[in-house]
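Coordinates in review
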Amino acid sequence: MSDSQLTQGIVPGRLDPERYCTNFADHTPPLGAQEARIAADRCYFCHDAPCMEACPTSIDVPLFIRQISTGTPEAAAKTIFAQNILGGMCARVCPTETLCEGACVRMESEGEPVEIGALQRFATDTLMARQSHPFTRAAKTGKSVAVVGAGPAGLACAHGLAMRGHDVTIFDARPKPGGLNEYGIASYKAPGGFAQAEVDWLMQIGGISVVANWELGRKGDGDLGDLLADHEAVFLGMGLSGVNALRMEGEDKDGIVPATEFIAELRQADDLAKLPIGRDVVVIGGGMTAVDAAVQSKLLGALNVTLVYRRSRAQMPASLHEQEHALTHGVRIIENAAPVAIHGNGAVREIEFAYTQEGASGLERTDVTFRLPADQVFKAIGQTLGDMPEKIEVKGGKIVVDGAGRAAPRVWAGGDCTHAGEDLTVTAVAQGRDAAVEIHQFLMEG
Amino acid sequence: MADLRSEFIGIKSPNPFWLASAPPTDKEYNVRRAFEAGWGGVVWKTLGAEGPPVVNVNGPRYGAIYGADRRLLGLNNIELITDRPLEVNLREMTMVKRDYPDRALIASIMVPCEEEAWKAILPRVEETGADGIELNFGCPHGMAERGMGSAVGQVPEYIEMVTRWCKQYSNMPVIVKLTPNITDIRKPARAAKAGGADAVSLINTINSITSVDLDDFAPEPTIDGKGTHGGYCGPAVKPIALNMVAEIARDPETAGLPISGIGGVTTWRDAAEFLALGAGNVQVCTAAMTYGFKVVQEMISGLSDYMDRKGFVSTSELVGRAVPNVTDWQYLNLGYVTKAEIKQDDCIKCGRCYAVCEDTSHQAIDMSADRVFTVKDEECVACNLCVDVCPVECITMRKLEPGETDLRTGETVGGYNNWTQHPNNPSATAAE
Ligand SMILES: Cc1cc2nc3c(=O)[nH]c(=O)nc-3n(C[C@H](O)[C@H](O)[C@H](O)COP(=O)(O)OP(=O)(O)OC[C@H]3O[C@@H](n4cnc5c(N)ncnc54)[C@H](O)[C@@H]3O)c2cc1C
Ligand SMILES: Cc1cc2nc3c(=O)[nH]c(=O)nc-3n(C[C@H](O)[C@H](O)[C@H](O)COP(=O)(O)O)c2cc1C
Ligand code: SF4
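What you see as residue numbers is a count from 1 along each chain, following the sequence as written. Starting at A for chains and at 1 for ligands, labels are handed out in the order in which the entities are written. The model is predicted, so local features are restricted to residues of pLDDT at least 70 and side-chain atom pairs to those at 80 or more, both for listing and for counting; the totals for chains, interfaces and linings are taken over all residues. By convention in this description, side-chain values take in all heavy atoms of the structure and omit both hydrogens and water.

In the nomenclature of an unreviewed UniProt entry, chain B corresponds to dihydrouracil dehydrogenase (NAD(+)) from the organism Thioclava dalianensis. The Subunit (unreviewed entry) comment attached to chain B in UniProt states, word for word, "Heterotetramer of 2 PreA and 2 PreT subunits." UniProt, in the comment section headed Sequence similarities (unreviewed entry), describes chain B in these words: "Belongs to the dihydropyrimidine dehydrogenase family." UniProt positions are given in the numbering used here, feature names are shortened, and annotations may be inferred rather than shown by experiment.

With an unreviewed UniProt entry as reference, chain A is termed Dihydropyrimidine dehydrogenase, source organism Thioclava dalianensis.

In structure tokens form, the structure reads like this:
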């Protein structure tokens, strides 16, 4: 008899093998041509459209939807890619309810937005299915740029530069390119190896090479000085490679890991049935990472998954939509509670929380405590910037950039590693794309 | 529930909704189903002369245009009159009429423009017990090239002549079906009346090409690489039909001539509009061909609901009620001033009104940084475009009361003043 949901401890194979397939299938299946046409017909083609304004990459939403409705989804895709070369991934992972769809005027009239995300996916999938790349590379300029980090920011920047004729080398510490698209995004949002397929497709522009397993600052790899010596400019898009610690006794007990680590392992697993998961899982945090870790624990067969956030649900960084996503998957959310002690012998057994309240000096712990059984604890209380080269100014845990995305002479930065904008895939793309324009200008001015 | 019973040129039917002569009425099977569904009457698919029947194309015979969500807005066809033998049609008509004595059954006829041909067919039709005949002078394709259909309908003298023959050789009421493929619809209507017609029905279909195949470069529907113009009908033609009905209803020469209104009737409201403009009943084809016979049930309930609300007990109270208000442009009151007004609470901030007024009208809508849209009374000419494009109907026209100032012209809103009295009109007569 193999393990079941009731087995205590951290074990693999809690579910029937088929369940893994259904649990981790595309959680919003793509629109068919007929559905897309009907969805497209709902767009009002607004003037100076609020959805376009709400999109960090300013995709011309009314135009691309009109192109879908007139039977030219590939033209629609080109409209999308012209603004956002990772429009395919964004269509899958953007929290549209707080971006374009949240701004849709249909929210005002009937509370149901035009399905912009799904339509964007329909258009981009159509074009990408042909494996054709919509842009051609300009004549070579002979200039070269180093991009650190092959996440959304780095990829968007590299594409923008390559398209303008520059040679780009992307250096990334991980074995595969894609950044959190490959190692972070919930697996049911972009199943079927989409992240790698998208990178391959993007590379079709030409002029981009990738150096994997190369970490900035690591001995034997290289530092910023080396990059600046070999290239005319550098773009830093290394995201947030560290994680915040709970800073409490017992944090080193077995079974307590960063949520991002668990998710990365899950994303790289060949066989989810072999991935161990606790029976009683506790996730600490209130953001997208916390929600994704909790939901995916549940999908792997954890019996009890509890997400504990130190403030109220209204203050959770995860949107209402994401919270509901967690709740409908059977995740229990406890608000206003912070961890105070970890119990267990060698491995975690229980974790103790104190309820919190807003006091004169900010958030305060009350004397009221409770314990949750836990054989696995995921920490999702924020990611942090890795070690930065000396030349780079860091403030509040993020790289400081000027209005043009410049972090130092000949060095630009964008994405999660900078202080600007929300930490979202689409924001990273926007910043990478815009930095490419700035770098291009700099290179061409000489 | 209002009484929808209708009497049109002496022909009684339980409601004013008849199926027009077309595929829905091409045979006994369909017509029985139509009557079971509740249709008040049918005009049987047009009969041709004795002998080998016409043949239809064997490829696609319809084309269509669509609105949002593939809602069919216009249909085009290259079908001819019935392609079944005359005797079969006559036999079936007899049986249906026998089984449904309370429903109207009209025979539509199209035979060559020769007295003998009409003389031959009329008694045979009369034998079926049909309540009347409709002369198909409308078909714009296929039959016109053979000197029938709209080829006759476009020559008032022929209409008058054939109508006269029909009155001479039969006792049945005669409805003359008019083609819209003509400049002035009053001419054929007058000719029908002169020939002794009991009524006219209109419109038949409009000459049209619905679309072009952009790979094969041929009109659609395409038959072996070629296409031809067909007859256009459905919701898209209603405005054209309404105007033609109104023209006949208010023409002093044809005033009072019963009209069967046809063209784009899809809902009870369309039907009520035809009745208000002077039609005594309506005929329907495309709506049935789009949704099936059941649509009549909405037409019945909707019309009766409306009549209850209005306190009308019979459709005759509605018929022609709007005719006195159809006038010529020159008599419209230029002293009547309205201004667009946006109900801010209902506005969803799509900005379509702004885009159209700014780009294509009078720059009379202001857009603030936070997307509040307001009308500038000093610029608004009251064209109604913003009202027409607003997806949520939050823009209305407010009538300025006499004594108020029109901020656009600086003039005080006054009484009645039309073009015939206007100072800019060289042939104006001074206002009394
Ligand atoms: C679990 C999780 C779920 C998320 N879900 C969503 C979602 O659904 N929707 C959404 O919009 N956003 C989501 N996000 C946020 C989103 O993934 C990020 O905002 C986005 O990936 C940031 O892109 P980036 O290019 O700045 O950084 P990353 O994607 O983090 O890429 C940085 C790259 O740099 C590399 N790198 C780091 N340090 C070095 C170094 N020293 N040398 C060389 N290479 C280095 C890394 O290996 C990585 O490949 C999620 C984040 C997490 C953690
Ligand atoms: C396929 C088709 C065939 C038609 N055949 C005839 C016909 O045989 N005789 C006739 O008088 N009108 C014919 N018509 C015209 C209809 O009777 C009617 O006048 C026209 O379609 C407008 O009405 P509607 O908008 O409700 O369809 C035909 C229309 C269609 C669509
Ligand atoms: S009625 Fe015409 S002119 Fe007036 S605001 Fe509307 S669109 Fe502009």
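All names here are of chain A. The rule for pairing is simple: two strands pair if DSSP sees at least two bridges between them. By definition, any uninterrupted DSSP run of H or I lasting at least four residues is a helix, any uninterrupted run of E lasting at least two residues is a strand, and each is numbered from the N terminus. Strand order in this open sheet of six strands is β3-β2-β1-β4-β18-β17, and the pairing throughout is mixed. The open sheet has two edge strands, β3 (208-211) and β17 (406-408), and neither has a second partner. Taken pair by pair, the neighbouring strands of this sheet meet at an average axis angle of 25°, ignoring direction. In the sheet, strand β1 (residues 144-148) pairs with strand β2 (residues 167-171) via five bridges, with the strands oriented parallel. Residue pairing in the sheet places Val147 in a bridge with Ile170 of β2. Think of each axis as a best-fit line through the C-alpha atoms, taken over the contacting stretch in the case of a helix, with angles from 0 to 180 degrees between the N-to-C directions.

What follows deals with the domain arrangement of chain A. Reported domain spans reflect what an automatic or database domain assignment gives. Along its sequence, chain A is carved into domain 1 (33-128), domain 2 (144-241 + 426-445) and domain 3 (243-379). Centre-to-centre separation of domain 1 of chain A and domain 3 of chain A, based on C-alpha positions: 34 Å.

Turning to the site of ligand 2, a few remarks are in order. All names here are of chain B. Note on terminology: near, applied to a residue and a molecule or strand, indicates that one of the residue's heavy atoms is within 4 Å of it. Taken together, 22 residues sit near ligand 2, with Ser21, Thr46, Lys177, Gly264 and Thr286 positioned nearest. The term polar contact refers here to a pair of N or O atoms within 3.5 Å; inside protein, the definition further demands a hydrogen-donor-capable atom paired with an acceptor-capable atom, and it admits residues adjacent in sequence only when both atoms are side-chain atoms. Ile203 has a polar backbone atom sitting 3.1 Å from an oxygen atom of ligand 2. The side chain of Asn204 places a nitrogen or oxygen atom 3.4 Å from an oxygen atom of ligand 2. Within the complex, 99% of the 600 Å² of free accessible area of ligand 2 lies under protein. Each residue is assigned to one class: nonpolar for Ala, Val, Leu, Ile, Met, Phe, Trp, Tyr, Cys and Pro, charged for Asp, Glu, Lys and Arg, and polar for all the others, Gly among them. Its residues assigned to classes, the shell around ligand 2 shows nine nonpolar, 10 polar and three charged. Under the convention used here, a 1.4 Å probe and the Shrake-Rupley method define accessible areas, while residue burial counts only the protein chains that appear.

For the rest of this paragraph, the subject is the UniProt feature "domain: FAD/NAD(P)-binding" (unreviewed entry) in chain A. Here, the residues flagged by UniProt with the feature "domain: FAD/NAD(P)-binding" (unreviewed entry) are residues 144-432 of chain A. Secondary structure over residues 144-432 of chain A splits into 25% helix and 28% strand, and the C-alpha atoms at its two ends are 16 Å apart.

So, about helix α10 (residues 295-310) of chain B. Along an α-helix, residues three or four positions apart point the same way, because every turn accommodates 3.6 residues. Residue and element names in this part refer to chain B. Here α10 spans 23 Å end to end across 16 residues, near enough to the 22 Å set by a 1.5 Å rise per residue. Under the scheme applied here, a residue whose accessible area is under 20% of the maximum for its type counts as buried, over 50% as exposed, and between as partly exposed, the area being computed with a 1.4 Å probe on protein chains only. For α10, every residue scored as buried is listed here: Val295, Val296, Met299, Ile300, Gly302, Leu303, Ser304, Tyr306 and Met307. Of the surrounding secondary structure, the elements contacted by the buried residues of α10 are β3 (17-19), α1 (28-37), α8 (268-276), β16 (281-284) and α9 (286-291). Immediately beyond the C-terminal end of α10, within one or two residues, lies Gly311, with a positive phi of roughly 75°. An expected span of 1.5 Å times one less than the residue number is assigned to each helix. Note on definitions: a residue-residue contact is assigned when non-hydrogen atoms from the two residues lie within 4.5 Å.

So, on to unusual backbone geometry. Residue and element names in this part refer to chain B. With omega at 15°, the peptide bond leading from Leu202 into Ile203 counts as cis. With respect to the helices and strands, the residue Ile203 is situated in the loop between β10 (199-202) and β11 (206-208). Residues Glu220 and Pro221 are joined by a peptide bond in cis, for which omega reads 0°. Along the chain, the position of Pro221 falls in the loop between β13 (218-220) and β14 (230-233). The phi angle at Gln363 is positive, at roughly 50°, despite the residue not being glycine. Here Gln363 is to be found in the loop between α11 (352-360) and β18 (365-367). Residue classification places Gln363 among the partly exposed residues on the basis of a relative accessible area of 36%. Residues other than glycine seldom take positive phi values, yet Asn384 does so here, at roughly 90°.

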